[in-house]
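Here is how the chains run, residue by residue.
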Amino acid sequence: MNDFILDDIGALLKDAVDASEDVIKRNIELPKVKEHGDFAFPAFFLAKIMRMPPPKIAQEILSKIEDLLPFGSIESAEVAGPYLNLKISPQILSKKLLAEIFDQGQKFSSSDEGRGRNLTIDLSSPNIAKPFHVGHLRSTVVGSCLYRLFEKLGYNCIGINHLGDWGTQFGKLIVAYKKFGTEKLFEKEPIFALLDLYIRFHKEAKDDSSLEDQARGEFKKLERGDPEATEIWKTFYQYSLEEYKRIYGILNATIDEYTGESFYNDKMEDALKLLEQKRLTQISQDALIVDLEEYGLGAALLKKSDEATLYLTRDLAAILYRKETFDFAKMLYVVGSAQALHFKQLFKIVELLGFNWHESCHHVEFGWIKFGKEMMSTREGNIVFLNDVINRAKELAKEIILEKNPDIEDVDKAALYIGVGAVIYADLAVRRNHDINFSWEDALNFDGNTGPYLQYTHARLASLERKFGKEIISDIDFSLLKEPEEKQLMLTLYRFPQKLKLAAEEYEPAVICGYLYELSQNLNSFYQKHRVITDDTTLTNARMLLMRCVRIVMSEGLKILGLEPMERM
Ligand code: ARG
């Protein structure tokens, strides 16, 4: 994307400031007070170099550039304290920006930064044989959003579902299945039948201590590839996946590979051998560990005394396999912050193995999500199932829509898009490191910082175009878009590509949410003062072009988040 304003500022200031154009551009800010200007150049960082107080530097720069103004897209400049504030010409802004957005359409703000580079994203990764619960929702929606964002930046993304499909709990399930399973077990909701089996196992194991041993035995069999155990495990796997895939369709999840923990069953030995060759492992209390004490990371456990491998062992095999298979430029693990130590240990081991690519691996962590009083965690015992959340979202959205627009076509489809949009947005709009207190009322508020509000903004723009009913053209009189609200909209549109970049740098979907909300608010301020379709055809054409550009950006932003840009609602 062409940063023409920043380029103009750089070119204008470069001879007046003791800094390179790049440094100048990097220091440009938005003024604290809008009336002061559209962009601000702070003089603080030059104080040391120029040995002058910042306000004086700002004055000096102004005196050097005054004669050059207007310059490109920069209309005027003035000093406020230590800042040089710059105003942009709405006419040049509209001419350059709107034509670009209109011509590029959905491609606007794409870049080729990531061209030819693979980016793997480990996302969702629920533990099979259990219903999909809200604990994996955030990973699914944040991971999918990052996937689409990086794709927009030109990366070739690979979404990997590291399913929790291996470990002693499957031994337990196999025991329970053999003991308590019936013919009809999977006739209705198989995934709940599996959950029941699991719960039943734990109940019975309280009175019968031999069950735990049997479970370990069954898992050993599974690890060795015993046909009967494998067959039963496969049934669990297939029923689980069927249900998950249905949910992924609803959530717009971006999953390319279902290579869960079981996939690494035969790859762990090689990984462990590599560690042994580098003399990184040792035996401690009969267990195989990597001592990471000197890095403040404790002991990384790779094999228990009974030879059983662990979650970390599988992640180690997985990271090596993924590097070899995808030669990723970046590898993101979208997993809750509770696993921070796990990933620190994993990346440290990769570093100790002598690989230099450990720095391209990132744990994209996030906080808890609370639904009312209930924590979304299996450990707490009160699990909230995603399916219930989706159904509730649909129901509530349907009520609201019917109230607002009783004639809407296909209300169930709209309710699904809006209800699910509300849940996804509530998850993405909170910065990752914060916990979420989910409330239905907040998420479905059509007037707040919510998914439905943004979808509604889009639907209004779509309805405006239907009402206009003619072709939107880019050959307009740009000098007509001169109202402050129009200029504000354009300045916000201009920042879309930069915001996407920032969101990618910080792995932070909330940046995009905040941006789209601001754009919606700008649009509202505009609607409050101005009408788009009037008797004045030239003005109407100009404003329709602006509205189309807002719609393009809104639609693109919503799609990256995973929300349906609604045509009507
Ligand atoms: N299944 C794990 C859990 O539910 C998450 C897996 C995350 N990915 C990974 N490569 N460890 O906690």
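Located above this text is the structure these notes cover.
Residues numbered from 1 in each chain as written. Predicted model: local features only at pLDDT ≥ 70, side-chain atom pairs only at ≥ 80, totals over all residues. Heavy atoms only, no water.

Engineer: Account for the overall build of the protein, naming residues and giving values.
Structural biologist: Tallying secondary structure elements over the protein gives 21 helices and 13 strands in all. The principal-axis extent of the C-alpha atoms belonging to the protein is close to 90 × 65 × 40 Å. Here the protein holds 569 residues, and the buried ones make up 54% of them. Accessible surface, the protein as shown: approximately 26100 Å² in total, 46% of it carbon and sulfur. Of the charged side chains in the protein, 72 are positive and 88 negative, and the gap between their average positions amounts to 1 Å. (Helix = DSSP H or I, 4+ residues; strand = E, 2+ residues; numbered from the N terminus. Buried < 20%, exposed > 50% of the residue type's maximum accessible area, 1.4 Å probe, protein only. Areas by Shrake-Rupley, 256 points an atom, 1.4 Å probe, with all protein chains shown as cover. Lys, Arg positive; Asp, Glu negative; His and termini not counted. Charge placed at Lys NZ, Arg CZ, Asp CG, Glu CD.)

Engineer: If you had to explain the pattern of salt bridges to someone new, which residues and values would you point to?
Structural biologist: Here the idea is simple: oppositely charged side chains can pair when their charged atoms come close. In this structure the tally under the stated criterion is 28 salt bridges. Glu 228 serves as the salt-bridge partner of Lys 178, at 3.1 Å between the closest nitrogen and oxygen. Of the two residues, Lys 178 is situated in helix 7 (residues 168–180) and Glu 228 in helix 10 (residues 227–251); the sequence distance between them amounts to 50 residues. Salt-bridge contacts for Glu 307 lead to Lys 303; the nearest nitrogen and oxygen are separated by 3.6 Å. The exposure class assigned to Glu 307 is exposed, which follows from its relative accessible area of 53%. Beyond isolated ion pairs, a larger network of salt bridges with shared partners links Lys 178, Glu 218, Lys 221 and Glu 228. (Salt bridge = Lys/Arg side-chain N within 4 Å of Asp/Glu carboxyl O.)

Engineer: Any chance you could break down helix 10 for me, citing the residues and the numbers?
Structural biologist: Every α-helical turn comprises 3.6 residues, leaving residues that sit three or four positions apart pointing alike. Under the 1.5 Å per step criterion, the end-to-end length of helix 10 is 35 Å for 25 residues, consistent within 8% with the ideal 36 Å. Along helix 10, the residues classified as buried are Ala 229, Ile 232, Trp 233, Phe 236, Tyr 237, Ser 240, Leu 241, Glu 243, Tyr 244, Ile 247, Tyr 248 and Leu 251. Residues of helix 10 that are buried sit in contact with helix 6 (137–152), helix 7, helix 8 (190–207), helix 9 (210–224), helix 14 (386–404) and helix 15 (411–428). Among the residues of helix 10, the N-terminal cap falls to Asp 226, whose side-chain oxygen and the backbone nitrogen of Glu 228 are separated by 3.2 Å. In the segment just after helix 10, Asn 252 is the residue with positive phi, at about 55°. (Expected span 1.5 Å × (residues − 1). Contact = heavy atoms within 4.5 Å. Polar contact = N/O pair within 3.5 Å; in protein donor to acceptor, adjacent residues only side chain to side chain.)

Engineer: Describe the site of the ligand, listing the residues and the values that go with them.
Structural biologist: In the neighbourhood of the ligand, the contacting residues comprise Asp 122, Ser 125, Asn 127, His 136, His 162, Tyr 311, Asp 315, Tyr 333, Val 335, Gln 339 and Phe 343. One of the side-chain nitrogen or oxygen atoms of Asp 122 is found 2.8 Å away from a nitrogen atom of the ligand. Within the side chain of Gln 339, an N or O atom sits 2.8 Å from an oxygen atom of the ligand. When the free accessible area of the ligand is taken as 350 Å², the share hidden by the protein chains comes to 89%. When grouped by side-chain class, the residues that make up the shell around the ligand number four nonpolar, five polar and two charged. (Near = heavy atom within 4 Å. Nonpolar A, V, L, I, M, F, W, Y, C, P; charged D, E, K, R; others polar.)

Engineer: How would you summarise the sheet that holds strand 7 (residues 287–291) if you had to cite specific residues and measurements?
Structural biologist: Reading across from one edge, 6-7-8 is the order of the three strands in this open sheet, with antiparallel pairing throughout. Of all strands in the sheet, those bounded by a partner on one side alone are strand 6 (281–284) and strand 8 (299–303). Shown here is a sheet whose adjacent strand axes are inclined to one another by a mean of 45°, direction ignored. Examined bridge by bridge, strand 6 and strand 7 share four bridges and lie antiparallel to one another. In the strand pairing of strand 7, Gln 282 is matched with Ile 289. (Pairing = 2+ DSSP bridges. Axes fitted to C-alpha atoms, helices over the stretch in contact; angles between N-to-C directions.)

Engineer: Please give an account of the pairing of strand 9 (residues 330–334) that cites residues and values.
Structural biologist: Here strand 9 lies mainly inside the structure; five of its five residues are buried. Where burial is concerned, the two faces of strand 9 agree: the one with Lys 330, Leu 332 and Val 334 and the one with Met 331 and Tyr 333 are both buried. Here strand 4 (residues 118–122) pairs with strand 9 via four bridges, running parallel. The residue of strand 9 that forms the bridge with Leu 119 is Lys 330. One ladder, built from four bridges, connects strand 9 with strand 10 (residues 361–364); its direction is parallel. What sits directly across from Val 334, in strand 10, is Val 364. One crossover worth recording links strand 9 to the parallel strand 10 by way of helix 13 (residues 340–352), and it is right-handed. (Right-handed = clockwise from strand over helix to strand, strands pointing away.)

Engineer: Report on the pairing of strand 4, specifying residues and quantitative values.
Structural biologist: For strand 4, the buried fraction is high: four of the five residues fall into the buried class. Following the backbone out of strand 4, through helix 6 and into the adjacent parallel strand 5 (residues 156–160), one traces a crossover that is right-handed.

Engineer: How would you explain the sheet that holds strand 2 (residues 74–80) if you had to name every residue and give the values?
Structural biologist: Reading across the sheet, the three strands line up as 1-3-2 and stay open at both edges, with antiparallel pairing between neighbours. Where the open sheet ends on each side, the last strands, each with one partner, are strand 1 (39–42) and strand 2. Direction aside, the axes of adjacent strands within the sheet are offset by 25° on average. The pairing of strand 1 with strand 3 (residues 83–88) spans four bridges and is antiparallel.

Engineer: I'd like a description of the nonpolar core, backed by residues and values.
Structural biologist: The tendency in soluble globular proteins is for nonpolar side chains to be buried as a group. Counting 160 residues, the largest nonpolar core has Leu 13, Ile 61, Leu 146, Leu 493 and Met 547 as its most contacted members. With 13 residues, helix 21 (residues 537–561) is the single largest residue contributor to this core. Look past the residues within four positions of Ile 61 in its chain and what remains in contact with it is Leu 13, Ala 16, Val 17, Phe 41, Leu 46 and Leu 84. Met 268, Ala 271, Leu 297 and Tyr 333 belong to the second largest nonpolar core, which has 30 residues in total. (Core = buried A, V, L, I, M, F, W, Y, C linked by side-chain atoms within 4.5 Å.)

Engineer: Quick one: what's the story with the side chain of Thr 492, residue by residue and with numbers?
Structural biologist: As for its position among the elements, Thr 492 is in helix 18 (residues 484–494). Those residues in contact with Thr 492 that sit more than four places away from it in its chain are Tyr 515, Glu 518, Leu 519 and Asn 522.

Engineer: Let's hear about the packing of helix 8 against helix 10: which residues, and what values?
Structural biologist: Packing of helix 8 against helix 10 brings their axes to within 9 Å, and their N-to-C directions diverge by 130°. Classified by the angle between their axes, helix 8 and helix 10 sit oblique to one another. When you trace helix 8 past helix 10, the crossing you get is left-handed. On the side of helix 8, the interface is formed by Pro 190, Ile 191 and Leu 194, while helix 10 contributes Phe 236, Tyr 239, Ser 240, Glu 243 and Tyr 244. Residues that form the contact of helix 8 with helix 10 fall into these classes: six nonpolar, one polar and one charged. (Parallel < 35°, antiparallel > 145°, perpendicular 65-115°, else oblique. Left-handed = near helix turned anticlockwise from the far one by under 90°.)

Engineer: Before we move on, could you go through the packing of aromatic side chains and cite the residues and values that matter?
Structural biologist: The final tally for this structure, using the stated rule, is 31 aromatic pairs. Ring geometry for Phe 132 versus Tyr 244: centroids 5.7 Å apart, planes at 80°, classification edge-to-face. With Phe 132 in the loop between strand 4 and helix 6 and Tyr 244 in helix 10, this pair connects stretches of sequence that are 112 residues apart. When the ring of Phe 186 is compared with that of Tyr 239, the centres are 4.5 Å apart and the planes differ by 40°; the resulting orientation is tilted. (Phe/Tyr/Trp six-rings, centres within 6.5 Å; stacked < 30°, edge-to-face > 60°.)

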